[in-house]
Amino acid sequence: MDFDLKKQLQRHPGLAAIYEKAAADIAAAETEAALEAARVRHLGRKSELSRMLRAIPGMSPSERPLAGKLGNQARAAVEQALAGRRQALESEALDRRLAEERVDITLPGEPFPNGRLHLITQTLWEIEDIFTGLGYRIAEGPEIETDYYNFTALNTPEGHPARSLHDTFFIEGEAEALLRTHTSPVQIRVMEKEDPPVYVIIPGRVYRRDSDATHTPMFHQVEGLAVDERITMADLKGTLEAFAKAMFGAERQIRLRPHYFPFTEPSVEVDVSCMICGGEGCRSCKQSGWLEILGAGLVDPNVFGFVNYEPDEVTGFAFGMGVERIAMLKHGVTDLRMFYDNDLRFIKQF
Ligand code: DAH
């Protein structure tokens, strides 16, 4: 209470007592509801103060002016005390909310487990990127193939010695059906549907009855096929050199070694200069300085015969690479089976 009012009220002990009681009650109110109850109690129609103010007109002319003046001052002071307490309660409530609802935006977020692409998928995408950059389209074909597409149309007739190169999974009760042993049959499927020029790569899974440190029964290949007018061995070499440099580094060289595949003539195996020793010779390249990465050749005219392409009008090259082998060479993986053991300690490294 301000000092002035206190002094004034001393002249009216009854009012002073009313005021003191109201002020103490208001100060003790801990909630908005308690404060409202105190307001009704001390300023309401039935309050002591209101009754006293209502009695003023009946007072004697000598008492009246002082009682009126002090009564009104006391009421104003109680109202002020109410307003002050209300403000204090509101700001306490706000402080409490601010403290309770506080969010520390500097805390690290909840860790969100992040998956990643398998190294084989990453390698496949990388190979696809390189060839689509050279203008190739991506084509795909079925993993369950017929004998015709997997062998016959690839210039590998029944009884041809090359058929024994592939230890094939056949499908029980289906004389013609097998799991494709390479992506080459999709060459035939593409050429059956499309006229030249054709520039495609064919990624996919293939199956062979092999299992050791460098073979799994399922693995991935990327096939390539380019058919156009006057395609030569030089186009093949330039294309594969561009691929090897993009995949393994700009310093890489390639070399072609004569080989045999039924569906290409001439055929080659392609080596890339060793990315570990730079071609000097080391354990990885068995001191040769070279690592084999794929098979290739010029499309055999007999294959064009199966798809009604004119061998007099077009020539082409084809190649096929093992994706696991490329990934092993690039990342120094020593056992191919690790790709499929699904040991996270291995998978997470890439
Ligand atoms: N299909 C062969 C294999 O799986 C790889 C291959 C060699 C594909 C030469 C070709 C090629 O297209 O021209 O061993």
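Predicted model only: the values in this text are computed from it and were never measured.

Student: What am I meant to see in the pairing of strand E9 (residues 290-299) here?
Tutor: Two faces, one strand: in a regular strand the side chains alternate between the faces of the sheet. The element E9 is largely enclosed, with a buried count of eight among its ten residues. Both strand E8 (residues 264-273) and E9 contribute to a ladder of eight bridges, which runs antiparallel. Looking across to E9, one finds that Ser267 is bridged to Gly297. Judged from the five bridges that link them, E9 and strand E10 (residues 315-322) form a sheet pairing that is antiparallel. From the neighbouring strand, Ala296 faces E10, where its bridge partner is Phe319.

Student: It is not clear to me how a positive patch on the surface should be interpreted in this structure. Could you clarify?
Tutor: A surface patch of positive charge is lined by Arg45, Lys46, Arg51 and Arg54. Looking at the secondary structure, you find Arg54 in helix H4 (residues 48-55).

Student: Explanation requested: the sheet that holds strand E4 (residues 174-179) in the structure shown.
Tutor: Two pairing modes exist for strands in a sheet, parallel and antiparallel, and in both the strands are linked by backbone hydrogen bonds. The three strands lie next to each other as E2-E4-E3, forming an open sheet whose pairing is antiparallel. Lying at the two open borders of the sheet, with one neighbouring strand each, are strand E2 (144-146) and strand E3 (170-171). Bridging between E3 and E4 involves two bridges; their strand directions are antiparallel. Pairing of Ile171 across the sheet is with Glu174, part of E4.

Here is what the cut-offs are and how they apply
Residues numbered from 1 in each chain as written. Predicted model: local features only at pLDDT ≥ 70, side-chain atom pairs only at ≥ 80, totals over all residues. Heavy atoms only, no water. Buried < 20%, exposed > 50% of the residue type's maximum accessible area, 1.4 Å probe, protein only. Helix = DSSP H or I, 4+ residues; strand = E, 2+ residues; numbered from the N terminus. Pairing = 2+ DSSP bridges. Patch = residues over 30% accessible without salt bridge, like charges linked within 9 Å, V, L, I, M, F, W, Y side chains within 5 Å. Areas by Shrake-Rupley, 256 points an atom, 1.4 Å probe, with all protein chains shown as cover. Salt bridge = Lys/Arg side-chain N within 4 Å of Asp/Glu carboxyl O. Lys, Arg positive; Asp, Glu negative; His and termini not counted. Charge placed at Lys NZ, Arg CZ, Asp CG, Glu CD.

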